[in-house]
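Summary of structural features
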Amino acid sequence: MTQVDLTTTLVTADRIQEWLLTDGLRILLTVVLAVLVRWLLHRLITRVVRTMTAKASERDSEGRDRSLTGRLFAEASITARARHQQRTATLGSLLRSIVTFVVGLVAVLTVMALVGIPLGPLLASAGVGGVALGFGAQSLVKDFLSGIFMILEDQYGVGDVIDTGEAIGTVEEVSLRVTRLRDADGVTWYIRNGEIIRIGNLSQHRATAIIDVPVAYDEDVAHVTTVIREAAAAMAGEEAWDGRLLDTPKVAGIESIVGQTMTIRVLAEASPGDKIDIQRELRQRIKSALDVAGVKAPPVNPFGGARP
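Residues numbered from 1 in each chain as written. Predicted model: local features only at pLDDT ≥ 70, side-chain atom pairs only at ≥ 80, totals over all residues. Heavy atoms only, no water.

1. Looking at the overall build of the protein chain
When helices and strands are counted, the protein chain shows 6 helices and 8 strands. Listing every helix and strand of the protein chain by position from the N terminus yields α-α-α-α-β-β-β-β-β-β-α-β-β-α. Among the 308 residues that make up the protein chain, the fraction classed as buried is 28%. Taking as baseline every contact in the protein chain between residues at least 6 positions apart, the subset at least 24 positions apart corresponds to 64%. (Helix = DSSP H or I, 4+ residues; strand = E, 2+ residues; numbered from the N terminus. Buried < 20%, exposed > 50% of the residue type's maximum accessible area, 1.4 Å probe, protein only. Contact = heavy atoms within 4.5 Å.)

2. Comments concerning the packing of helix α5 (residues 221–236) against helix α6 (residues 275–293)
Packing of α5 against α6 brings their axes to within 9 Å, and their N-to-C directions diverge by 130°. As the angle between them shows, α5 and α6 are arranged oblique. Helix-helix and strand crossings are classified by hand; for α5 and α6 the assignment is right-handed. Two secondary-structure elements touch here, α5 through His223, Val224, Val227, Ile228, Ala231, Ala232 and Met235 and α6 through Ile278, Glu281, Leu282, Arg285, Ile286, Ala289, Leu290 and Ala293. (Axes fitted to C-alpha atoms, helices over the stretch in contact; angles between N-to-C directions. Parallel < 35°, antiparallel > 145°, perpendicular 65-115°, else oblique. Left-handed = near helix turned anticlockwise from the far one by under 90°.)

3. Notes on the pattern of salt bridges
Counted by the stated rule, this structure contains 13 salt bridges. Glu255 is paired through a salt bridge with Arg265; the nearest N and O atoms lie 3.6 Å apart. Within this pair, whereas Glu255 is found in strand β7 (residues 250–258), its partner Arg265 is found in strand β8 (residues 261–270), the two being separated by 10 residues in sequence. Looking at Glu255, the relative accessible area reads 41%, which means it is partly exposed. Between Asp291 and Lys287 there is a salt bridge, with the nearest N and O atoms lying 2.7 Å from each other. Taken together, the residues span about one helical turn, with Asp291 and Lys287 both in helix α6 at a distance of 4 residues. Judged by relative accessible area, which is 51%, Lys287 ranks as exposed. What you see here is one network of salt bridges that share partners, running through Glu172, Glu173, Arg180 and Arg182. (Salt bridge = Lys/Arg side-chain N within 4 Å of Asp/Glu carboxyl O.)

4. Details of the side chain of Thr225
Residue position: Thr225 is located in helix α5. Owing to a relative accessible area of 13%, Thr225 belongs among the buried residues under this scheme. Side-chain polar atoms of Thr225 contact the backbone oxygen of Val221, separated by 2.7 Å. (Polar contact = N/O pair within 3.5 Å; in protein donor to acceptor, adjacent residues only side chain to side chain.)

5. Considering the pairing of strand β2 (residues 168–174)
Bridge analysis of strand β1 (residues 161–163) against β2 gives 3 bridges, and the strand direction is antiparallel. Within β2, the residue paired with Val161 across the bridge is Thr170. Hairpin connection from β1 to β2: 4 residues lie between these consecutive antiparallel strands, with Gly165 at a positive phi of about 95°. Alignment of β2 against strand β3 (residues 178–182), held across 4 bridges, turns out to be antiparallel. In the strand pairing of β3, Val174 is matched with Thr179. (Pairing = 2+ DSSP bridges.)

6. Some details on the sheet that holds β7
Spatially, 3 strands are ordered β6-β8-β7 in an open sheet, and the strand pairing comes out antiparallel. Each edge of the open sheet is held by one strand with a lone partner, namely β6 (207–216) and β7. Here the strands of the sheet are splayed against their neighbours by 25° on average, with no regard to which way each runs. Bridging between β6 and β8 involves 10 bridges; their strand directions are antiparallel. Counterpart to Ala207 in the pairing with β8 is Ala270. Of the strands in this sheet, β6 and β8 are in contact with α6, which crosses β6 at around 25°.

7. Observations concerning the nonpolar core
Ranked by internal contacts, the top residues of the largest apolar core, which has 22 residues, are Val213, Ile228, Ile278, Leu282 and Leu290. When contributions to this core are tallied by element, the ones reaching two or more residues are β6, α5, β8 and α6. Within the second largest apolar cluster, 9 residues are counted, among which are Met150, Ile162, Val174 and Ile191. (Core = buried A, V, L, I, M, F, W, Y, C linked by side-chain atoms within 4.5 Å.)

8. A short note on the confidence of the model for the protein chain
With 72% of its residues at a pLDDT of 70 or more, the protein chain shows a mean pLDDT of 76. Residue range residues 62–69 is modelled with pLDDT below 50. Its contacts to residues more than four positions away, or to other chains, number 8 contacts. (pLDDT = per-residue confidence, 0-100.)

Written out as structure tokens, the structure reads:
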């Protein structure tokens, strides 16, 4: 090796060593610091999520009793706790993803600046591309923002029966972009969160079961009302419906009179998810009680419909 080659090699080795001790060390420290910050923030988010879930469980376990009201509140708290855990876990996952993206982006930009890559033109190009991408991805951003607000506001959760305007069914999955639900026919619907304008939740708090009982026009209203009220009270007193039927069904009175048909409406407060079962059972019990009491049904027109 000649003297010139040896000098060049030594100069190159000195420059590499100098770069490693200056910019190289800064890059290494930046990467290590980014990994450490990401780990600490993820750990903090996980601990906060666990703390929030544990506190919710402790609140639900306090002050319970064995009365009907206590059992109803206990069942409601179990559902609320499950939804709270689901919502908290989703928010925790979202926060961890945001932390990873932000910390990674800051670390990459810092390393690029240490290497000597000019960030001005790159940021300008990224800004133009971001604007173009923003116009093209408006619907995607809308879906994500709507999903975040739906989770934060607890508008619905897995297991709820909802009416989105496009479809009515049971929620099977809630994500930040789409909501998946299954209707009564077994069809699975995938609805983008940004396209949901209104939501009717049929499973929150309590549901009202409405039963319309048609009888003949010439029947005694007081007698029919008494028979229906006794049948409803007997059902409410059974242990099998304890916690599902929240109160004794009430006879609202005559709902309509059409021709020879008089319709009496009955209202029953049901727990979420039991509305249809209570309607069917109460309708069957009322029919049997009316048959035993000799209450006549409306006359039937042989050509279809009630007789005018």
